[in-house]
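# Reading the structure
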Amino acid sequence: MQFSGRRNKKLIPDHHAELYGHCLQFYGQPPVENISLAEFETFAVERLKLLKTVENIGVSYVKMSDPYKKKLEDELKKLHFPYRPAADDLKSQIVPTEHEKRRKDHISHFILRLAYCQTEDLRRWFIQQEMDLFRYRFSELQYYSKDKEKEFLKENHLHYDTVSDEEKSSLMDKLIRSSFYVSGPKVQDLEFYKVPFQDALDLVRSRKVFLRGGFAFIPHQEIVTIVLNDFRTRLSKALALTARSLPVVQSDERLQPLLSHLSHAYVGQDYSIQKNIGKISLEQIDSLSTKSFPLCMRHLHKALRDSHHLRHGGRMQYGLFLKGIGLTLEQALQFWRSEFIKGKVDTDKFDKAYAYSIRHMFGKEGKRTDYTPYSCMKVILSNLPSQGDYHGCPFRHSDPELLKQKLQSYKISPSGINQVCLRDFNSAE
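Below, the structure is looked at part by part. (Residues numbered from 1 in each chain as written. Predicted model: local features only at pLDDT ≥ 70, side-chain atom pairs only at ≥ 80, totals over all residues. Heavy atoms only, no water.)

For the rest of this paragraph, the subject is the pattern of salt bridges. One pass over the structure, following the stated rule, counts 28 salt bridges. Of the charged contacts, one joins Lys194 and Glu167 as a salt bridge, the two residues approaching to 3.7 Å between their closest N and O atoms. Within this pair, whereas Lys194 is found in strand β2 (residues 192-196), its partner Glu167 is found in helix α7 (residues 165-170), the two being separated by 27 residues in sequence. Its relative accessible area of 18% is what places Glu167 among the buried residues. Of the charged contacts in the structure, one is a salt bridge between Arg305 and Glu339, with a shortest N-O distance of 2.2 Å. Of the two residues, Arg305 sits in helix α14 (residues 295-307) while Glu339 sits in helix α16 (residues 329-340), which places them 34 residues apart along the sequence. Among the residues examined, Arg305 registers a relative accessible area of 24% and is labelled partly exposed. (Salt bridge = Lys/Arg side-chain N within 4 Å of Asp/Glu carboxyl O. Helix = DSSP H or I, 4+ residues; strand = E, 2+ residues; numbered from the N terminus. Buried < 20%, exposed > 50% of the residue type's maximum accessible area, 1.4 Å probe, protein only.)

Below you can see the structure in the form of structure tokens.
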């Protein structure tokens, strides 16, 4: 990918048709055309919004359930990214065209590779969201077009040994018993693939496949698992290679600030447009904290009510959140002052030591910057909490046992607590 003021170098049509022949990719070939810095930034931010959306939907819905797929389809449409082969019409004149969507999908993926190859945490997050997005798109490809699925596998050199009819017949009973939703007649009609068992560990772990001689026998409907494993392996290797070449990219003074900012960028609602001001009262905060606040903010609110004080990191994280949900500057000063004077801070000390930072949050002091609430990524990665601090992300920074106790105190069901703690443990690995 090149950046210059010269006229954009166009790819020849045949190469475009080959590169964007499907609504999903393995992203094996990097972009080779020139793009403007404005388009570079736009594509990067839109891809980041997409991956954050994938993450949020995965938390709110059971992955690959019908509501999950419907919500993800709606968001892909809204953000103008390709989502299913039924939309395959590269000659369409609808703006943006399918070709333009696929081009954006391709280029934006590689841009975010540059931003998210820098640390192990960022790489892990990026791979997980890209895998979830790929799984959804591949399932749509399977559902809407078997021919395109085979074409996609062939073009990406994903060759899996097919089990012969004779071998299927000899293993009929074992294939039926080991494969979900597969009956005798279905086994004859269904394709099975024989792959090394280590390429299908998820299926082996959940006992969904028959094993023999170091090979797993995988029914066609489960092929997404091994394709996804290939995708993860290739992407992981690609990110490692990108990290090695990052110093060369960062030497470009036009790109370095943008790439550094992307991994911490806030892509949610723009709270600098103060349309929520005055929408909540101070009296509502206590009830909202138990019904509507995210766990990190509920934790901060309770700590503030209990100790009548928060350190700077907690005041910034919670103060900007309260600003974001609609507290005015006057309400914020009243809220913090009334709480602090219940502790060891009198009114004069509050006005001298703490009021300035609150006015600063609202852009009334210092550089007059109108600060926005912290994103989840910023909460997780910046200013890690130490002893006596209450800011940060409870799911990432709390001891697992303490997190469990806290969720129990909030009357979360045992199954819900186990699901949260298991997800938290897996994301930390």
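Next comes the rest of the description.
The next thing to look at is the packing of aromatic side chains. Between two aromatic rings, the relevant description is the distance of the centres plus the angle of the planes. Throughout the structure, instances matching the rule amount to 22 aromatic pairs. Between Trp336 and Phe340, the aromatic rings sit 6.0 Å apart at their centres with planes inclined by 80°, giving edge-to-face as the arrangement. One end of the pair, Trp336, and the other, Phe340, are both in helix α16, 4 residues apart, so they sit about a helical turn from each other. Taken as a pair, Trp336 and Phe340 share a single burial class, namely buried. Members of the aromatic cluster, connected to one another through ring pairs, are Phe293, Tyr318, Phe321, Phe335, Trp336, Phe340, Phe350 and Tyr354. (Phe/Tyr/Trp six-rings, centres within 6.5 Å; stacked < 30°, edge-to-face > 60°.)

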